[in-house]
Amino acid sequence: MRPVIALSPIQNLEVPVPSYHLQTVDCARLFDIHLVVISYLPLHARPPDAEGWRALGRELEGFASRLAREDLQLAWHTHDFEFQKLPDGSFPLDRLFEA
């Protein structure tokens, strides 16, 4: 069964769509997209410290590995909060990619 989602008009485009902000592998397959983007991390889900961001990076590394087995790549869309210093003076984005 193919999922019915609000993004279906994109199928009618006559241009390739190399990436799109998605939430599921099924949607990526539906639209023949090979890059899954984590588009936003809500405030309540953001780690408060460097170790939390490292742990999130390790978790994302696991997601990326599973997606790779499905022939998909994982990307992270940045926002201002990844460039705001943590209590230890480091930046979340740096800690995220240490994993």
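Quick note: structure is the one above.
Residues numbered from 1 in each chain as written. Predicted model: local features only at pLDDT ≥ 70, side-chain atom pairs only at ≥ 80, totals over all residues. Heavy atoms only, no water.

Novice: How do you make sense of helix α2 (residues 50–69) when you look at a structure like this?
Specialist: Taking 1.5 Å per residue as the helical rise, α2 with its 20 residues ought to reach 28 Å, and the 29 Å between its terminal C-alpha atoms agrees with that figure. Buried within α2 are the following residues: Ala50, Trp53, Leu56, Gly57, Leu60 and Leu67. Projection of α2 onto a plane perpendicular to its axis shows the buried side chains occupying an angular sector of 110°, all on one side. Those residues of α2 that are buried lie in contact with α1 (25–30), β1 (35–38), β2 (73–76) and α3 (92–96). Remark: aspartate 71 follows α2 within two positions and exhibits a positive phi of approximately 65°. (Helix = DSSP H or I, 4+ residues; strand = E, 2+ residues; numbered from the N terminus. Expected span 1.5 Å × (residues − 1). Buried < 20%, exposed > 50% of the residue type's maximum accessible area, 1.4 Å probe, protein only. Arc of directions from axis to C-beta. Contact = heavy atoms within 4.5 Å.)

Novice: Would you mind showing me how to read the pairing of β2 here?
Specialist: Side-chain positions along a regular strand alternate between the two faces of the sheet. Two strands pair when backbone bridges link them, and β1 and β2 are joined in this way by four bridges, in the parallel orientation. Bridging across to β2, valine 37 finds its partner in alanine 75. Handedness of the crossover is the feature at issue here: the chain leaves β1, passes through α2, returns alongside β2, and the resulting connection is right-handed. (Pairing = 2+ DSSP bridges. Right-handed = clockwise from strand over helix to strand, strands pointing away.)

Novice: Any chance you could explain the nonpolar core here in plain terms?
Specialist: By size, the foremost hydrophobic cluster in this structure holds 10 residues: Leu41, Ala50, Trp53, Leu56, Leu60, Trp76, Phe81, Leu86, Leu93 and Leu96. Secondary-structure elements contributing two or more residues to this core are α2 and α3. Looking at this core, the element that brings in the most residues is α2, giving four residues. Aside from chain neighbours lying at most four places away, what touches leucine 96 is Trp53, Leu56, Gly57, Leu60 and Trp76. (Core = buried A, V, L, I, M, F, W, Y, C linked by side-chain atoms within 4.5 Å.)

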